[in-house]
Amino acid sequence: MTFRQARWDEPDVWDLVPVLPPGPAPAIPGVPERFRRKETIRWPELSEPEVVRHYTRLSQMNFGIDTMTYPLGSCTMKYNPKVSEVLARRPGAASVHPYQPEPTAQGSLELIWRLERLLTKVTGMREVSLQPAAGAHGEYSALLMVRAYFRDKGELDRRTEVLLPDTAHGTNPASAGMAGFTIREIPSKEGCVDVAALKAAISERTACFMLTNPNTAGLFESEILEIAEAVHGVGGMLYYDGANLNAILGHTHPGRMGFDVAHLNLHKTFATPHGGGGPGAGVLAAGETLAPYLPIPRVVKSGRRFRLDYDRPKSIGKIKTAYGNFGLDVRAYAFALSHGEEGLKHVARRSVLNSNYLAARLGRSLPRPFRTLVKHEFLLSGTPLKERGVRTLDLAKRLLDEGVHAPTVYFPALVDEALMIELPETESKRDVDRFAEAFERAVQDSPENLRAAPRSLAVGRIDEVRAAREPRLSWKDLRAAGAKVETQ
Amino acid sequence: MPRWISDEPHEEASMLEALGIASVDELFTDIPRKARIGRMGIAEGLEEPEVVREVDKILDRNRPVGKFAPFLGGRIALRYIPAAVDAIVSRSEFYTAYTPYQPEASQGMLRTLFEFQSLWVEMTGLDLANASLYDGATASAESLLFCSRLHEGHRFLVPASLPWEERSVLANYASGPGLRVEEIPYDARTGRLDLEFVRSAVAAKDVFGVLADVPNGFGHLDEGILDLKSMIGDVPLVVAADPLSLSVLEPPGNYGADIVVGEGQGFGIAPSFGGPLLGLFACRREHARQAPGRIVGATLDHDGRRAFALTLQTREQHIRRSRATSNICTNESLMALIFVVYASLVGPRGLAALQTSLAEKARTLASALGGIAGLQAPRFDSPYLGEFTVELSHGTATGFLDRLRRRKILGGHPLADPRPGAPPAPERLLVAATDAVGEKEIQRYAAAARAWSAAGGVA
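Residues numbered from 1 in each chain as written. Chains lettered and ligands numbered in written order. Predicted model: local features only at pLDDT ≥ 70, side-chain atom pairs only at ≥ 80, totals over all residues.

**Some words on the overall build of chain A**
Item 1. Along its length, chain A carries 15 helices and 14 strands.
Item 2. Here the C-alpha atoms of chain A give a radius of gyration of 25 Å, agreeing with the 23 Å that 2.2 N^0.38 yields for 488 residues.
Item 3. Dimensions of chain A, computed from C-alpha atoms along their principal axes, come out at roughly 70 × 65 × 45 Å.
Item 4. Counting every position in chain A, which comprises 488 residues, the buried fraction comes to 61%.
Item 5. Of the contacts made within chain A by residues no fewer than 6 positions apart, 72% connect residues no fewer than 24 positions apart. (Helix = DSSP H or I, 4+ residues; strand = E, 2+ residues; numbered from the N terminus. Rg over C-alpha atoms; globule rule 2.2 N^0.38 Å. Buried ≥ 20, exposed ≤ 12 C-beta atoms within 10 Å, placed from the backbone. Contact = placed C-beta atoms within 7 Å.)

What follows is the structure in structure tokens.
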């Protein structure tokens, strides 16, 4: 254990300097006195170096993919190419207003148009829209499209159900609920959809079946064609959650598997940085049936010019302001151009190789549920740790002391004490081996050490129960609680 | 092949050997033959210099705002971004991190988000803020769903002057639970909300929330909003506020807002053709468990050291699934970081000074445009800050803007819903003062408008 994170005794931003007593805001001619702020915003007045040092110190108390291996399952934490960062900051990308007249934004429109076309080939779908801000936003938009489709067919009254497997990401049922559907969960069998149970559950009430393939157990749903046939057989739509697309790039795609609509995460598969929680970019891809329902505007090419097309009578309309997270589209396009056909295919091959190689090795430390051939990620169960009085959570915290991030833990729920591990293609064999060694050391460490972890980070094990029981959610709360700021 | 994937000789071979297989192909036998594809039909990969040339070639077909005198605004602002903002947001410990699921490893981002939440609380006068939503429009839409959890009813009232994009987003979010978005008419002279309409709608008992924006979609301030809460009683009031305006305007929490949402892009975030943006959301303490999105809380570690973690997570999709308060997972954390860094660099006095200066420029522009035949500027007889609406009595907003563009002026943007089926609307445009324009650019704008007028409103 040689890893040490910075541990700055850094005050909160409002404790860096005395905050001036608030006075009235300046009066603006014509603005009624009633509307005028009586007390200026309570916030410190800081010099630039004070601000830069504060946030630089905070940054040093944070893990990123640039500092360490980040094996979060279903998150596809791959290296974010620096060239993409440079390009997204060009004035031609960053300094363009979405409401500029079309002739002055031909470059943005062309980049969107090109990336959309490229992604139709990656997904095998008819049309692509880059409008959603994130994966869940894409899912939700897709379900609104499904809703609009059945409304047009006069079937919305009876198409009330969305079906999904018990391995689905939480966003799937949440999106379906927000879109007004009731949810039916289909049990898994050996980590994959129990097709018999699915067939028994589908009916003319089925609006949509949502599926991630490969799924969150890291398994390819090999019966996908049969699933598609069954869902279409009752007139339902099939939705592809693209969270795990990385594993199958260039080998199969949602179109070939029979999906009607899909979302992709540019911040996973196409290497745009995750920003400590966002922004993401959730691409929507639709087959022939649902393409007319994509959000407006669509970018179209007329002759050599690009323009925004609002004339889509069946479109669901807008799901956010403007046209999507364009800054991420630029990054993703650079990533796709760099890889090209063979490169993208290699991405899948290398991520699946990393995953199977690591799974085989770690399978000697902890049990692996289900079959052994996995795709980009795999599951382990931390159940045997319980015999030693420790849990998956302790193992996760102990891994942080090794200078690597922890895997996704306690998901999916069908595996007890689950660890979900994904090391994408940008991790070298050396990185994978180093992670494996760290993992083995952590598993074999004493229960005392596991429970005491982490010890090498800015803070020790955090009391999350207390955070929820006594919510302190802002400076205002801290003041109210009379909480003295501790900086030791 | 890009250098992002290690291709050390024998690396793959030794991994295959460890697995006891001959080829990576054997790892794909679980994909049935009938589901496999041949070529995708994508060009072969490029080396980094070629990628740069290729992308630059495309982006060079844009004419960035710096090539013009820019008067564009609306929910997306053009403002100078201090260099220090990019220095901090370029710290890759921040931008290459994932959502802080392991809080011990992510104290930097968590603390920054806690400071961000605190700032939005101070600005709005409410009690708690979340760690961001996608953008202002989806924040308004989440507030609609939020109100529906607090109050009975099917009708959600919004100003008819709300930008059409936002109304469309709201209609989408309302459609799932079978709710209705209804437009509050405005006074033709002042653009102010018809409060009698609100009063009678609320009296009919089916209204579960009312949203008002500050400034409104026309760029104007509506004093009537200060009295809305006393009129609607226990029906939740949402105020969609421009954050910069809150440097000089009363915090909405002080006049009864239960929720304050907003678009945060104007605080240091590049316009980037409309994304990523930043959705702001704050509410009252008693409604904390109904709030959408991630929330960071302060707590302690096992040594009693102060620490931060995502909290109140039982509201969220990964726990509550179909009964979550929202489906949001990935948010706009990095944009939230920019917001709080920008505000800390500029400071509360600097923000108020910036808003004051933009308001001055807008007034100068309005008076320069006064008396030009064929246009009314501002269209509404109401106070405004940095933006106002211009209405043309002949010609089209697009034609007017085209004419200005030929004189290197981005003169604003049309307000009308561009969908072919949309109801006919007056030729209006929203014009914004930006910090990139001064007296000279304002006079150029006026001269171009006079030339348009002299040509009879023909582009």
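Still more to cover.
**Overview of the overall build of chain B**
Item 1. The helix and strand inventory of chain B stands at 13 helices and 15 strands.
Item 2. Its C-alpha atoms give chain B principal-axis dimensions of about 85 × 55 × 50 Å.
Item 3. Each of the 459 residues in chain B was classed as buried or not, and the buried ones make up 60%.
Item 4. Long-range pairs, those at least 24 residues apart, make up 71% of the contacts in chain B with a sequence separation of at least 6.

**Some points on the nonpolar core**
Item 1. Grouped together as the largest cluster of nonpolar side chains are 309 residues, with contacts concentrated most on Met145 and Tyr239 of chain A together with Val210 and Ile338 of chain B.
Item 2. Top element by residues in this core is helix α11 (residues 333–369) of chain B. It accounts for 19 residues.
Item 3. Residue contacts for Tyr239 of chain A: discarding those within four places in its chain leaves Ala142, Cys208, Phe209, Met210, Leu211, Phe259 and Val261 of chain A. (Core = buried A, V, L, I, M, F, W, Y, C linked by C-beta atoms within 7 Å.)

**A look at helix α8 (residues 195–203) of chain B**
Residue and element names in this part refer to chain B.
Item 1. For α8, the set of buried residues is Val198, Ala201 and Val202. Down the axis, α8 shows its buried residues gathered within 95° of arc, on one side only. Away from its buried face by more than 90 degrees, α8 exposes Glu196, Arg199, Ser200 and Ala203.
Item 2. The inward-facing, buried residues of α8 contact β3 (155–159), β4 (180–184), β5 (207–214) and α9 (228–232).
Item 3. Where α8 ends, the next residue or the one after it, Lys205, has phi of about 75°, a positive value. (Arc of directions from axis to C-beta.)

**Focus on the packing of helix α1 (residues 48–59) of chain A against α11 of chain B**
Item 1. The geometry of α1 of chain A relative to α11 of chain B is characterised by a closest axis approach of 9 Å and an angle of 155° between their N-to-C directions. Judged by the inter-axis angle, α1 of chain A sits roughly antiparallel to α11 of chain B. Once α1 of chain A is placed against α11 of chain B, the crossing between them reads as right-handed. Between α1 of chain A and α11 of chain B, the residues in contact are Glu48, Val51 and Tyr55 of chain A and Val341, Ser344 and Leu345 of chain B, respectively. (Axes fitted to C-alpha atoms, helices over the stretch in contact; angles between N-to-C directions. Parallel < 35°, antiparallel > 145°, perpendicular 65-115°, else oblique. Left-handed = near helix turned anticlockwise from the far one by under 90°.)

**Section: the domain arrangement of chain B**
Item 1. Each domain of chain B was delimited in the assignment, giving domain 1 (11–59), domain 2 (68–77 + 348–454) and domain 3 (84–341).
Item 2. Put simply, the middle of domain 1 of chain B and the middle of domain 2 of chain B, counted by C-alpha atoms, are 51 Å apart. (Domains from an automatic or database assignment.)

**Digging into the interface of chain A and chain B**
The accessible area lost on association of the parts is a frequent measure of interface size.
Item 1. Contact residues are listed per partner, giving 171 residues for chain A and 169 residues for chain B.
Item 2. At 22 residues, helix α10 (residues 326–362) of chain A tops the list of elements feeding residues into the side of chain A that touches chain B.
Item 3. Here the side of chain A that touches chain B is composed, by residue class, of 87 nonpolar, 53 polar and 31 charged. (Nonpolar A, V, L, I, M, F, W, Y, C, P; charged D, E, K, R; others polar.)

**What about the sheet that holds strand β12 (residues 387–392) of chain B?**
Residues and elements named next belong to chain B.
Item 1. Pairing is antiparallel in the open sheet, where four strands are placed in the order β11-β12-β15-β14. Edge positions in the open sheet fall to β11 (375–376) and β14 (413–414), since each of these has one partner strand only.
Item 2. Lying on the sheet, helix α12 (residues 397–406) is in contact with β12, β14 and β15 (427–432); it crosses β15 at an angle near 40°. (Pairing = 2+ DSSP bridges.)

**Remarks on the pairing of β15 of chain B**
All names here are of chain B.
Item 1. Here β15 lies mainly inside the structure; five of its six residues are buried.
Item 2. When β12 meets β15, the two strands line up antiparallel, connected through six bridges. Its bridge partner lying in β15, Phe388 is registered against Val431.
Item 3. Here β14 pairs with β15 via two bridges, running antiparallel. Looking at β15, one finds that His413 is bridged to Leu430.

**Focus: helix α11 (residues 392–400) of chain A**
Residues and elements named next belong to chain A.
Item 1. Most of α11 is tucked away: eight of the nine residues are buried.
Item 2. Among all positions in α11, only Thr392, Asp394, Leu395, Ala396, Lys397, Arg398, Leu399 and Leu400 are buried.
Item 3. Buried residues along α11 sit against β13 (408–409), β14 (418–422), α12 (429–444) and α13 (447–452).

**So, the sheet that holds strand β7 (residues 237–242) of chain A**
Residues and elements named next belong to chain A.
Item 1. Taken in spatial order, the seven strands make up an open sheet running β1-β9-β8-β7-β6-β2-β3, and their pairing is mixed. Edge positions in the sheet fall to β1 (127–129) and β3 (182–186), since each has one partner strand and no second. Each strand axis lies, on average, 20° off the axis of its neighbour in the sheet, ignoring direction.
Item 2. Taken together, the four bridges between β7 and strand β8 (residues 261–265) define a ladder with parallel strand orientation. Among the inter-strand pairings, Tyr239 is bridged to a residue of β8, identified as Val261.

**Side note on unusual backbone geometry**
Item 1. The amide bond that connects Gly278 of chain A to the next residue, Pro279 of chain A, takes the cis arrangement and shows omega of 10°.
Item 2. Within the fold, Pro279 of chain A resides in the loop between β8 and β9 (282–286).
Item 3. Phi at Ser132 of chain B takes a positive value of approximately 115°, unusual for a residue other than glycine.
Item 4. On the secondary structure map, Ser132 of chain B appears in the loop between β2 (128–129) and α6 (136–150).

**A closer look at the environment of Phe218 of chain B**
Item 1. Mapped onto the elements, Phe218 of chain B comes out in the loop between β5 and α9.
Item 2. Spatially, the C-alpha atoms of Phe218 of chain B and Pro378 of chain B are 9.4 Å apart, while their sequence positions differ by 160 residues.

**Section: the pairing of β3 of chain B**
It is a general feature of regular strands that their side chains alternate between the two faces of the sheet.
Residue and element names in this part refer to chain B.
Item 1. Among the five residues of β3, four are classified as buried, and the element is accordingly described as predominantly covered.
Item 2. Bridge analysis of β3 against β4 gives five bridges, and the strand direction is parallel. Within the sheet, the bridge partner assigned to Phe156 lies in β4 and is Val181.
Item 3. Relative to β5, β3 runs parallel, the two being bridged by three bridges. Its bridge partner lying in β5, Phe156 is registered against Gly209.

**Observations concerning the packing of α10 of chain A against helix α2 (residues 48–59) of chain B**
Item 1. Contact geometry of α10 of chain A with α2 of chain B gives a least axis separation of 10 Å together with a crossing angle of 135°. Between α10 of chain A and α2 of chain B, the crossing angle belongs to the class labelled oblique. Two packed elements cross with a definite hand, and for α10 of chain A against α2 of chain B that hand is right-handed. Along its contact with α10 of chain A, which presents Val330, Tyr333, Ala334, Leu337 and Ser338 of chain A, the element α2 of chain B presents Val51, Glu54 and Val55 of chain B.
Item 2. Per-class residue counts for the contact of α10 of chain A with α2 of chain B are six nonpolar, one polar and one charged.

**Observations concerning the environment of Gly256 of chain B**
Residue and element names in this part refer to chain B.
Item 1. Mapping Gly256 onto the fold places it in the loop between β6 (237–241) and β7 (259–263).
Item 2. Gly256 gets classed as partly exposed once you count the C-beta atoms within 10 Å, which come to 18.
Item 3. Residues in contact with Gly256, not counting those within four places in the same chain, are Lys229, Ser230 and Leu237.

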